[in-house]
Every structure is written in C-alpha cells, then in structure tokens.
Amino acid sequence: MSDLLVVVPARGGSKRLPQKNLRPLGGKSLLAHTAEAIAAAGLGAPVLLSTDDDAIAAEGRRLGWLVPFRRPADLATDAAPTVAAVLHALDWFRAERGDDPAAVMILQPTSPFRGGACMKAAVAALARRPDVDSVIAMTALHLPPARLFAAAADGIAHPLGAEDGRKPVYVPNGALYLVRTKALRRAGTVYAGAILPLVLEGARALDIDTAADWRLAEAALAAGLPPEAAAFDPAPSRAAPVA
C-alpha cells in the first residue's frame, strides 16, 4: 500500500475569477506555486491532478504531475463537492495500483502561499497521532465561542454558546486537508473522524476566490511573505472528534 497520495483538484469553470488556476501570480500560475510547495515539503508522494480543463491538464503535465483522466462533467460543476472529485481520483488510483493509499492530501491551488512546512507538519502529526483521522489547515478566529452567533429563521442572531468559553475556535481555510483514506471513504467527507487543526494565519492562509482576493495576494507578494510557522499543532493532547 502506498503511504500517501496528493490530489490537486483544479477545475476550469471558475466564474468569479475565470481561469484563476492558470493566471500568473508573481510570474507563476497557482498550480506552479502549489508544485513548488510540494517540492519544498519533500513528501515523495505521487501528485494527481483532477481537472476537466485541457489547459490546466497541460500545465499539470508540465509540472510533472499525474494527469490520467479528465474529471467527469458532473463532478466539475459549481455544485459538485470537492470530496466527490477526490473519491473519483482515489477510485482511479486503486484500480491502477491495486489498493488505496493509506492517506490522501488535498491541496487546492487557490492557496498559493501555504508553503511546504505545513505539509511536512501535517504528515508528521498524522503519523504520531493514531487517534486522529484528519489534519486540516485552519485559522484561529481569536474570539471566544460565546461571541459567535447564528441567525435563526426569524433573522435574529443568537449566540452559539459553549461549555468552555476559553477553548480556541478555528475555521478551515482550505489550504490543506490530510485524511486517512479509510476514514474518508467511510464518512464521505474530508472532515472525517477525529480532526486535528493545523493552524495557518495571515497571507499563508489566503484562499483566492475573487478579484479582491487576487489583489490581496499581489499585495502580500509585494510586501514579502511572512516566514513559515515553526509549529502548527495547537493540540498536544487528544483531538476531539468534530461532527
């Protein structure tokens, strides 16, 4: 069994920022930024590009990635969840190699500044934590849970509340998902089983989805990216399952 498969999901149908995966940022496509981070991490794992777009496929081949298929049209719509494309890629890998990888890392090209250190940290965290099923990049909200609100049917905002208001609160930022394959197939989601947050902040956590996000990315490059964090795991004890 292979230990790890890296899947890069990159469809060609972005509406808010057309062809964003190929658009040059600092002279490199978002795909190339992701490839550089993978190389810096030294994962030694195959990288499989899942795309429905010929130009994106050509860029993936140029970067040395596996591009064995075009993603089916029904898995490349705005409404199609990323996990469906990941499961499709895993099915191809299992048919080709005879078994699933032990874990799959999902890297969306829209997080070009994540760097390689967080990938190494995620793999190391999963290896040393048998109680964890998923390691997911998140950003700290820097707010106590009691300061978070949800709108009811009448539009009124109600506090979510919490048993312990001192617990840190995180939100996924899309930069990295590392999931044990058995847990992913069982749960049908990248948020599988017991989840360990891998904290990324600021520009390192930027997810480019709109023209405004792109301008922020250009500004971050112009200002100089902050160094990659030395530590990412905020939870040295057992990670609690997330529903």
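Residues numbered from 1 in each chain as written. Predicted model: local features only at pLDDT ≥ 70, side-chain atom pairs only at ≥ 80, totals over all residues. Heavy atoms only, no water.

Q: I tried to follow the nonpolar core on my own but got confused; where do I start?
A: Nonpolar side chains in soluble globular proteins tend to be buried together. Among the nonpolar cores identified, the biggest contains 35 residues, and V6, M119, V135, L176 and L178 are the most heavily contacted of them. If you look at the next biggest cluster of nonpolar residues, it comprises 20 residues, including L90, F93, I106 and V190. (Core = buried A, V, L, I, M, F, W, Y, C linked by side-chain atoms within 4.5 Å. Buried < 20%, exposed > 50% of the residue type's maximum accessible area, 1.4 Å probe, protein only.)

Q: How should I be thinking about unusual backbone geometry in this particular structure?
A: With glycine set apart, most residues show a phi of negative sign, and most peptide bonds adopt trans. For Q19, which is not glycine, the phi torsion reads 55 degrees and is therefore positive. With respect to the secondary-structure elements, Q19 resides in the loop between strand 1 (4-9) and helix 1 (30-41). (Helix = DSSP H or I, 4+ residues; strand = E, 2+ residues; numbered from the N terminus.)

Q: Can you help me understand a nonpolar patch on the surface in this one?
A: Taken together, the side chains of L141, L143 and V171 present a nonpolar region at the surface, about 200 Å² in accessible area. As for its placement among the helices and strands, L141 is situated in the loop between strand 4 (134-140) and strand 5 (149-151). (Patch = residues over 30% accessible without salt bridge, like charges linked within 9 Å, V, L, I, M, F, W, Y side chains within 5 Å. Areas by Shrake-Rupley, 256 points an atom, 1.4 Å probe, with all protein chains shown as cover. Salt bridge = Lys/Arg side-chain N within 4 Å of Asp/Glu carboxyl O.)

Q: Can you walk me through the sheet that holds strand 2 (residues 47-50) in this structure?
A: Consider a sheet: its strands pair through backbone hydrogen bonds, and that pairing is either parallel or antiparallel. A sheet is described by the order of its strands in space; here six strands give the open sequence 2-1-3-7-4-8, paired in mixed fashion. One side of each edge strand has no neighbouring strand; the edge strands of this open sheet are strand 2 and strand 8 (195-199). Along the sheet, successive strands turn relative to each other by an average axial angle of 30 degrees, direction set aside. With six bridges joining them, strand 4 and strand 7 (residues 170-180) adopt antiparallel strand pairing. Paired with M138 across the strands is P172, a residue of strand 7. Set on the sheet, helix 3 (residues 82-97) makes contact with strand 1, strand 2 and strand 3 (103-106); between it and strand 1 the angle comes to about 135 degrees. (Pairing = 2+ DSSP bridges. Axes fitted to C-alpha atoms, helices over the stretch in contact; angles between N-to-C directions. Contact = heavy atoms within 4.5 Å.)

Q: What am I meant to see in the packing of aromatic side chains here?
A: How two aromatic rings sit relative to each other is given by the distance of their centres and the angle of their planes. As enumerated under the stated definition, the model contains two aromatic pairs in all. Look at Y177 and Y191: their rings are 5.8 Å apart centre to centre, the planes differ by 90 degrees, and that puts the pair in the edge-to-face class. Of this pair, Y177 sits in strand 7 while Y191 sits in the loop between helix 5 (181-187) and strand 8, and the two are 14 residues apart along the sequence. With a relative accessible area of 10%, Y177 lands in the buried category. (Phe/Tyr/Trp six-rings, centres within 6.5 Å; stacked < 30°, edge-to-face > 60°.)

Q: What exactly am I supposed to notice about the pairing of strand 3 here?
A: Each regular strand carries side chains that alternate between the two faces of the sheet. A two-sided burial pattern is seen for strand 3, the buried positions comprising A103 and M105 on one face and V104 and I106 on the other. Inspection of the sheet shows strand 1 paired to strand 3 by four bridges, in the parallel sense. Residue pairing in the sheet places L5 in a bridge with V104 of strand 3.

Q: Even after reading the chapter, I still don't get the side chain of E59, so can you show me in this structure?
A: Counting through the fold element by element, E59 comes out in helix 2 (residues 54-62). Since its relative accessible area comes to 13%, E59 is described here as buried. A polar contact is formed between the side chain of E59 and the side chain of S29, at a distance of 2.7 Å. With near-sequence residues (within four places) excluded, E59 lies in contact with L22, S29, L31 and A32. (Polar contact = N/O pair within 3.5 Å; in protein donor to acceptor, adjacent residues only side chain to side chain.)

Q: Before we go on, may I ask you to explain the confidence of the model for the protein chain in this structure?
A: Detailed reading of the predicted coordinates is not advisable wherever pLDDT is low. Scored by pLDDT, the protein chain has a mean of 90; 92% of the residues are at 70 or more. For the stretch residues 236-243, pLDDT sits under 50, and the model shows 15 contacts to residues farther than four places along the chain or on other chains. (pLDDT = per-residue confidence, 0-100.)

Q: What is the right way to look at helix 6 (residues 211-223) in this model?
A: Every α-helix winds through 3.6 residues per turn, so residues three or four apart in the chain are directed the same way. Relative to the 18 Å expected for 13 residues at 1.5 Å per residue, helix 6 spans 18 Å between its end C-alpha atoms, a close match to the ideal helical length. The complete set of buried residues in helix 6 reads D213, W214, A217 and A220. Buried residues in helix 6, looked at end-on, bunch into an arc of 120 degrees, giving them a common side. Among the exposed residues of helix 6, those pointing more than 90 degrees away from its buried face are R215, A222 and A223. Those residues of helix 6 hidden inside the fold are in contact with helix 1. G224 sits one or two positions beyond helix 6 and adopts a positive phi of about 95 degrees. (Expected span 1.5 Å × (residues − 1). Arc of directions from axis to C-beta.)

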